[in-house]
Amino acid sequence: MWIASSLPYLSPRGANQADAWSQEVADAGRVGTQKIREVGEKLPPAQVSEALGLPEGAAAVVRRRTILLDGRPVEQADSWYPAGIAAGTALARPGKIKGGAVTLLADLGYTVHEAREEIEVRAATAEESTELALPEGAPVIVLWRTSLTAEGVPFEASVMVMVPQDRRLRYRLIAG
């Protein structure tokens, strides 16, 4: 059973620390990697544009990755950033980001104060089935996350399509 918590993925890493995914799986004695499928500036889907508060027709930088656990694909993760934040940074270039995107964003002045998450279960699309090595139409968990600053500025919208087999998502809510 793989139990994942969102908190480590929302917190910047210290100097010379691995990104949250690599650290989490290493601590569990497993191997976590990612395959970058695409990086570039594109028009985002309507739900992403809305989450980021982008004006109609505005482009965003997207990083599309396939996440692997012990060599097996377990998740497709597409992270979108307003072009005004990400253009010209490592977010807009192919390749792994030292310490992860959340650390780079913190260095740019964007730290997560609030994360809004929505979860749905649906059938995998043909592309997802192929990339995640699932039978077409198999169920997947979809996690939509929007990250906002303390001022309420959205700076990242992520869509994560996960293989549900042996997967549990853990949330810890603290009243303020």
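Before reading on, note that the structure itself is shown above.
Rules behind the numbers
- Residues numbered from 1 in each chain as written.
- Predicted model: local features only at pLDDT ≥ 70, side-chain atom pairs only at ≥ 80, totals over all residues.
- Heavy atoms only, no water.
- Helix = DSSP H or I, 4+ residues; strand = E, 2+ residues; numbered from the N terminus.
- Buried < 20%, exposed > 50% of the residue type's maximum accessible area, 1.4 Å probe, protein only.
- Contact = heavy atoms within 4.5 Å.
- Areas by Shrake-Rupley, 256 points an atom, 1.4 Å probe, with all protein chains shown as cover.
- Pairing = 2+ DSSP bridges.
- Axes fitted to C-alpha atoms, helices over the stretch in contact; angles between N-to-C directions.
- Core = buried A, V, L, I, M, F, W, Y, C linked by side-chain atoms within 4.5 Å.
- Salt bridge = Lys/Arg side-chain N within 4 Å of Asp/Glu carboxyl O.

### Regarding the overall build of the protein chain
In step 1: A count of helices and strands for the protein chain gives five helices and eight strands.
In step 2: Reading the protein chain from its N end, one meets helices and strands in the order β-α-β-α-β-β-α-α-β-α-β-β-β.
In step 3: Expressed as a percentage of its 176 residues, the buried residues of the protein chain come to 47%.
In step 4: Long-range contacts, defined here as pairs at least 24 residues apart, represent 60% of the contacts in the protein chain between residues at least 6 apart.
In step 5: Carbon and sulfur atoms form 52% of the exposed surface of the protein chain, whose accessible area is close to 9,400 Å².

### Examining the sheet that holds strand 6 (residues 139-148)
In step 1: Taken together, six strands build an open sheet; the order of strands is 2-3-4-7-6-5 and the sheet is antiparallel. Only two strands of the sheet have a single neighbouring strand rather than two, namely strand 2 (32-42) and strand 5 (114-123). Adjacent strand axes in the sheet meet at a mean angle of 15°, parallel and antiparallel pairs treated alike.
In step 2: In the sheet, strand 3 (residues 60-69) pairs with strand 4 (residues 72-82) via ten bridges, with the strands oriented antiparallel.

### What about the nonpolar core?
The tendency in soluble globular proteins is for nonpolar side chains to be buried side by side.
In step 1: In this structure, Val48, Leu52, Trp80, Leu134, Val140 and Val142 are the most contacted members of the largest nonpolar core, which totals 18 residues.
In step 2: Secondary-structure elements contributing two or more residues to this core are helix 2 (46-52), strand 3, strand 6 and strand 7 (154-162).
In step 3: Tyr81, Ile85, Ala86 and Leu105 belong to the second largest nonpolar core, which has ten residues in total.

### Side note on the pairing of strand 6
In step 1: Within strand 6, nine of the ten residues are buried, which leaves the element mostly enclosed by the surrounding structure.
In step 2: Bridge count between strand 5 and strand 6: ten bridges; the pairing is antiparallel. Along strand 6, the bridge assignment pairs Glu117 with Arg145.
In step 3: Inspection of the sheet shows strand 6 paired to strand 7 by eight bridges, in the antiparallel sense. Each residue of the ladder has a partner; that of Thr146, found in strand 7, is Ala157.
In step 4: Here strand 6 folds back onto strand 7 in antiparallel fashion, the turn holding five residues, of which Gly152 has a positive phi close to 85°.

### Comments concerning the pattern of salt bridges
In step 1: Inspection of the entire model under this criterion finds nine salt bridges.
In step 2: Here Glu131 makes a salt bridge to Lys35, at a shortest N to O gap of 2.7 Å. Linking Glu131 in helix 5 (residues 126-131) with Lys35 in strand 2, this pair joins segments that are 96 residues apart in sequence.
In step 3: For Lys35, a relative accessible area of 41% translates into the label partly exposed.
In step 4: Among the salt bridges present, the one from Glu38 reaches Arg64, with a minimum N-O distance of 2.7 Å. Here Glu38, found in strand 2, pairs with Arg64, found in strand 3; they are 26 residues apart in sequence, far enough to count as distant.
In step 5: The exposure class assigned to Glu38 is partly exposed, which follows from its relative accessible area of 28%.
In step 6: Each of Arg37, Glu38, Lys42, Arg64 and Asp78 takes part in salt bridges that share partners, so that together they form one network.

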